[in-house]
Every structure is written in structure tokens, then in C-alpha cells.
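Tertiary structure, described
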Amino acid sequence: MATIKEIAAIAGVSRGTVDRVLNNRGSVNPATAEKIREIAKALDYKPNKAGLALAAQKKKLKLGVVLFSTDNPFFADVLKGVDEKAADLAGYNCTVLVKQIPINVDAQLNAIDELLREEVNGIALAPQNDARIRSRINELYAQGIPVVTLNTDIENSARIAYVGSNYVKSGRTAAGLLRLMTHGEVQIGIITGSSGILCHTERIAGFKDALKPYQEHMHIISIAETQDDEIASYEQTSRLLKEHPETNALFFAAGGVYGGCRAIVSLGLAGKLHVIAFDKAETTEQFLREGVLSAVICQQPRTQGKKPLDMLFHYLTSGELPDKEYNYTAVDIRILENI
């Protein structure tokens, strides 16, 4: 098995330089760092696990987590996964700091800055798909602070991995469920969170794509944004259903399911619409049992909370990138009979 001494000899650098690169600490010329990583990979370098545990305890690592607001019950379940992993990492002298924010780019940037002032070594982030967030992720990577995205991804960034649903696939699944549940003319309303969140736009893109072969009788008549806010969802769902009384199917592509379902009930339409939503929560289970929702698609929120922290810890202690860039959770369909 290759050693740090051997890698240093081949790269023509000191053992200390190799150690800094492979353990992601200190500043090393990017070209030199890349050369060292390539040599380590070619030699199949594997760090000593017992040594990693000891090194992690000495480092006193701090990991940051930035999630959207707990107003969305999905993120409450993600947070449970974060807390479970944080308890495991505490045994390695690793602290986890959590920031929860509304869907707002400035709020996300401020949360990242707050974590940097706490001197975190890595960040698990549910990012907005915005150029400023992309630039900040790239800056962090250049500074030796890795980012793993969770729940939603961001295009063309230097994040080291993504953990979450394949949203195009889950959007296609929602369309397929509606196709199986309906017949005749289907008039569909879509309630989504924000066009600035990649997972929301990808779900809708997958949904639309799957409907193309059936567009003669399955039509999207309106799309409303709610910013994952329950009050806004109630208002927007009510408005859509009043303005388009021909609507006989709804697709909730993001949060705000509780508010939207309350609007359906208040208008006396419970059981009269085919409604697909996401995520198993107490509220969605209630609406499934009451016949307001037809089905929900789940996406393993606790895994989305745990796995990014595990990846960051491994990267910061071993210098090894995650095995996979895209780490998709299962597409899990729940109906009344299996909720």
C-alpha cells in the first residue's frame, strides 16, 4: 500500500505538503494539489482508518448545514437525520451547526457567512439556483471548504456531491400516476414553490415531458408559485380553482401541501379532484386518509440529512472525494393503502 512518503517522493514535495492536500488543511498551490491527488489515486492510496479517527478528534472539525424553513414539514424530517448524524460525529470531536432560512438568496448568503465566522470546515447546503450562490460555492471550494448539496442541486458549481431525489424522474412519476388515475379530459393545475429552486423546476420539467404523448387530453391550465409558504399556498390554490373551475387534477410540486389541501376542503372539492403531492408527513397522511390527496411521492428525508455530513466528514479526514457525484434517494410512492 502506498504511503505519504512515497507520494511525496514522486511529486517532489514534502510529506507535510502531501498531508495538507490529502487531509484538506492548509493552503497548497492548486496545480500541486491536483498533481498530488492524481498520484495518490494512481497508487490507490488508502488512509489508515484508526489514524483518521484520531486525526479527526485532533482537528475538532465543524460542519455547517443550511436548510430551508421548518415551515415545510419535509425539512423537519431532514433535520432529524442531521441531528442523528451529528450525534454520531460528536464522538469524533466534530460539531454540526445548523441554519434554517426562508427561500431567499440574501438570507442564504448571510447564513453561509455566519457559518464561516464560526470557522466551519465544510457545508451541507440546500442551495437556491442563483449565480451568487454558485459563485460562493466555488469560492469556498477554492478556500478548501467543501460543499455537498442536499435536497436540491445547483448547476455548474464546484460542490463535491449531491444527495437527494432525481427530480425529473419524480416529476415524470407524478405525471404517470395522474395518467393512471384519470380518464377523459384532464385539466391540471400546478402549485409549486419557487422558480429559483432547481428541484422545483426539474419536477415540473419531468412532469411536462411525461405528459407530451397524452397532451391531446391532458392539459396544464395554470402554474402558481407559493415560496413553500402555507398561507400563500392556500390563497394561490383557492385562486386557481376559482378562476379555473374546470380543473380536475392538481400537482403540488413543492411544499405548501397543507395550505393547498385546506383550500380544496374549504371549496368543497375534497374527493372530487385527483391530487398528487410530495413527502410523507402527518398532514399529508391525514389528507390521504380523508381522500383529499390521491398519492404522495416520498424522498427519504433522513437520508438527505445524514449522508451529506458523512460525505463531508470523510472528505475532510481522508481527502477522498465521494464515490458518486449524484447520490439519488428512492422514488417511493405512498397511497392510502400503504401509508
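Residues numbered from 1 in each chain as written. Predicted model: local features only at pLDDT ≥ 70, side-chain atom pairs only at ≥ 80, totals over all residues. Heavy atoms only, no water.

Side note on helix H7 (residues 131–142)
Taking 1.5 Å per residue, 12 residues should reach 16 Å; H7 reaches 17 Å between its end C-alpha atoms and fits that length. Buried within H7 are the following residues: Ile133, Arg134, Arg136, Ile137 and Leu140. In an axial view of H7, the angular spread of the buried residues amounts to 165 degrees, which keeps them on one side of the axis. Its buried side turned inward, H7 meets helix H6 (105–117), strand S3 (122–125) and strand S4 (147–150). Two or three places before Arg132, at the opening of H7, Asp130 has a side-chain oxygen 2.8 Å from that residue's backbone nitrogen. Phi turns positive, to about 85 degrees, at Gly144, one or two residues after H7. (Helix = DSSP H or I, 4+ residues; strand = E, 2+ residues; numbered from the N terminus. Expected span 1.5 Å × (residues − 1). Buried < 20%, exposed > 50% of the residue type's maximum accessible area, 1.4 Å probe, protein only. Arc of directions from axis to C-beta. Contact = heavy atoms within 4.5 Å. Polar contact = N/O pair within 3.5 Å; in protein donor to acceptor, adjacent residues only side chain to side chain.)

Focus: the packing of aromatic side chains
For the structure on display, the rule yields eight aromatic pairs. Relative to Phe313, the ring of Tyr92 has its centre 5.3 Å away and its plane inclined at 55 degrees; by these criteria the two rings are tilted. Linking Tyr92 in the loop between helix H5 (73–90) and strand S2 (95–101) with Phe313 in helix H13 (residues 301–318), this pair joins segments that are 221 residues apart in sequence. For Tyr92, a relative accessible area of 35% puts it in the partly exposed group. Residues Tyr258 and Phe287 carry aromatic rings whose centres are separated by 5.7 Å and whose planes lie at 45 degrees to one another, so their mutual orientation is tilted. Within this pair, whereas Tyr258 is found in helix H11 (residues 257–266), its partner Phe287 is found in helix H12 (residues 282–289), the two being separated by 29 residues in sequence. Judged by its relative accessible area of 35%, Tyr258 falls in the partly exposed class. Put simply, the rings of Phe68, Phe74 and Phe75 pair up and form one aromatic cluster. In this structure, Arg159 packs its charged tip against the face of Tyr326, placed 5.2 Å from the ring centre. (Phe/Tyr/Trp six-rings, centres within 6.5 Å; stacked < 30°, edge-to-face > 60°. Lys NZ or Arg CZ within 6 Å of the ring centre and 35° of its normal.)

Comments concerning the sheet that holds strand S7 (residues 218–225)
Taken together, the six strands give an open sheet; going across it, the order is S7-S6-S8-S9-S10-S12, and neighbouring strands pair in mixed fashion. Across the chains shown, the open sheet's two edge strands, defined by having one partner strand only, are S7 and strand S12 (332–334). Direction aside, neighbouring strands of the sheet carry axes that sit 20 degrees apart on average. In this structure, strand S6 (residues 186–192) lies alongside strand S8 (residues 249–252), joined through four bridges in parallel fashion. Within S8, the residue paired with Gly189 across the bridge is Leu250. Contacts from H11 reach S8 and strand S9 (274–278), with the element oriented near 165 degrees to S8. (Pairing = 2+ DSSP bridges. Axes fitted to C-alpha atoms, helices over the stretch in contact; angles between N-to-C directions.)

A closer look at the packing of helix H8 (residues 167–181) against helix H9 (residues 198–211)
Viewed as axis vectors pointing N to C, H8 and H9 meet at an angle of 45 degrees, and their least axial separation amounts to 7 Å. Comparing their axes, H9 and H8 come out oblique. Handedness of the H8/H9 crossing: right-handed. Across the interface between the two elements, Tyr167, Val168, Ser170, Gly171, Arg172, Ala174, Ala175 and Leu178 of H8 pack against Cys199, Glu202, Arg203, Gly206, Phe207, Asp209, Ala210 and Leu211 of H9. (Parallel < 35°, antiparallel > 145°, perpendicular 65-115°, else oblique. Left-handed = near helix turned anticlockwise from the far one by under 90°.)

That is the geometry; function is a separate question.
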